[in-house]
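Structural description and commentary
For reference, the chains in residue letters:
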Amino acid sequence: MLNHKAKYSEIIKAEAKRLGFLSCGISKAEFLETEAPRLEAWLNKNMNGEMQYMENHFDKRLDPTLLVEGSKSVISLLLNYYPSETQTDTSYKLSKYAYGNDYHHVIKHKLKSLLYFIQDEIGEVGGRAFVDSAPVLDKAWAAKSGLGWIGKHSNLLTQQIGSFYFIAELIIDLELEYDHATTDHCGTCTKCIDACPTEAITEPYVVDGSKCISYFTIELKENLPSEFKGKFDDWMFGCDVCQDVCPWNKFSKPHNEPLFNPHPQLLDMTKKDWEEITEDTFKKVFQKSAVKRTKFAGLERNIEFLKP
Ligand code: SF4
Ligand code: SF4
């Protein structure tokens, strides 16, 4: 017979699946001992660039019990965003995760539903939902919970479905049954390292965030550095190169979340359309998208940088 922790874990995982999550894994909420020195070394080498927020709340980022009072468990969840259709090869490119509606809203909604379910089924359970939020090391938690391993490109990946999914967490004050990490299946492969257009993967498992196209096109507020001109491989918002070349991503399957479908115009836009985009079209195409984060001026800056 299942004990109550195992039973609760089982019904939470079944509900996560019903809500559309790909998978769900659970870890004890505790100090992330192995991550601490890695994060410290990464920050000391300024690999966070201008992403100042990565330095804030150092202790809270490594210890969920400081972030959410009384927390006992970190529930990690994956939500697929791999699209059934992608942009044409000859266009300026957007990271696939940004095709549809802003994932923050879509996932927050699902996480809240999961928390209400837990409260209805189990009782008074407190918790907080996190989606791609600076204080939580989501990849480390997902790996610890057995949802995949962190590859040499520093993304989480699985043998079953590759790496094109979002990671989110629910941190709750209920003890559950905990999962275990899986093994690394990168082996001798170095495809992601070899393909990175800006050589941002400085060694296996270490991405220098301050050299990554995602950082330049989304996070960097100033002018793009001229020494990288011609090296962006036509990426205007984010970059998927290290994931696109990963052999495990041939197992990616299209998502079935209608909110992640792109605006009908988006996939057909040519380089010329992007170069001539007006603020009105930007607002229409990206009405509910995470691309709004760069604002119109940011996207224009990126496109200008890609022109020969
Ligand atoms: S996202 Fe692009 S730039 Fe960043 S590490 Fe991967 S391949 Fe390199
Ligand atoms: S491309 Fe190769 S080395 Fe890089 S994450 Fe995928 S399997 Fe690992």
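Residues numbered from 1 in each chain as written. Chains lettered and ligands numbered in written order. Predicted model: local features only at pLDDT ≥ 70, side-chain atom pairs only at ≥ 80, totals over all residues. Heavy atoms only, no water.

1. Remarks on the packing of helix H1 (residues 4-18) against helix H5 (residues 103-122)
The line we're drawing: Axis geometry follows a simple rule: fit a line to the C-alpha atoms, using only the stretch in contact for helices, then measure angles between N-to-C directions, giving values from 0 to 180 degrees. Helix numbering and strand numbering both begin at the N terminus, where a helix is a DSSP run of H or I of at least 4 residues and a strand a DSSP run of E of at least 2. By the definition used in this description, the sense in which the near helix is turned from the far one sets the handedness, with an anticlockwise turn below a right angle giving left-handed and a clockwise turn giving right-handed. Residue contacts follow a heavy-atom distance rule, with two residues in contact if any of their heavy atoms lie within 4.5 Å. Under the scheme applied here, ten amino acids are nonpolar (Ala, Val, Leu, Ile, Met, Phe, Trp, Tyr, Cys and Pro), four are charged (Asp, Glu, Lys and Arg), and all others, including Gly, are polar.
The contact between H1 and H5 brings their axes to 10 Å, and the two run at 145 degrees. Crossing hand, H1 versus H5: right-handed. For the pair H1 and H5, the contacting residues are Tyr8, Ile11, Ile12, Glu15 and Ala16 in the first and Leu114, Phe117, Ile118, Glu121 and Ile122 in the second. The residue inventory of the contact of H1 with H5, partitioned by class, reads eight nonpolar, no polar and two charged.

2. Regarding a positive patch on the surface
Applied cut-off: Only residues whose relative accessible area exceeds 30% and that take part in no salt bridge are eligible for patches, with like-charged residues grouped when within 9 Å of each other and nonpolar side chains (Val, Leu, Ile, Met, Phe, Trp, Tyr) grouped when within 5 Å. Residue exposure ignores everything except the shown protein chains as possible cover, and the areas themselves are Shrake-Rupley values with a 1.4 Å probe. Each salt bridge in this description consists of a side-chain nitrogen of Lys or Arg and a carboxyl oxygen of Asp or Glu lying within 4 Å of one another. Lys and Arg are tallied as positive, Asp and Glu as negative. Neither His nor the chain termini are counted. Charged groups are reduced to one reference atom each: NZ for lysine, CZ for arginine, CG for aspartic acid, CD for glutamic acid.
On the surface, a cluster of positive charge is contributed by Lys60, Lys108, Lys112 and Arg128. Looking at the element boundaries, Lys108 is found in helix H5.

3. Concerning the UniProt feature "binding site: cob(II)alamin" (unreviewed entry) in the protein
Convention followed: UniProt positions are given in the numbering used here, feature names are shortened, and annotations may be inferred rather than shown by experiment. Each residue is placed in one exposure class: buried if its accessible area under a 1.4 Å probe, protein chains only, is under 20% of its type's maximum, exposed if it is over 50%, and partly exposed if it falls in between.
The UniProt record marks Arg61, Asp132, Leu156, Ile167, Ser214, Cys239 and Asp240 with the feature "binding site: cob(II)alamin" (unreviewed entry), using the residue numbering of this structure. These annotated residues cover 180 residues of sequence, and their C-alpha atoms reach 25.9 Å apart at the extreme, placing them across more than a single site. Tracing the backbone through its elements, the reader meets Leu156 in strand E6 (residues 156-157). By relative accessible area, which is 3% here, Leu156 ends up buried. Residues within four places of Leu156 in sequence aside, it is in contact with Leu78, Lys139, Ala142, Ala143, Leu147, Gly148, Trp149, Ile150, Gly162, Ser163, Tyr165 and Ile167.

4. Description of the site of ligand 1
What counts is decided by this rule: The criterion for a residue being near a molecule or strand is simple. One of its heavy atoms has to lie within 4 Å of it.
As a matter of local geometry, ligand 1 sits amid Cys196, Pro197, Thr198, Ile201, Cys212, Ile213, Cys239, Val241 and Cys242. Across the shell around ligand 1, the residue classes break down as eight nonpolar, one polar and no charged.

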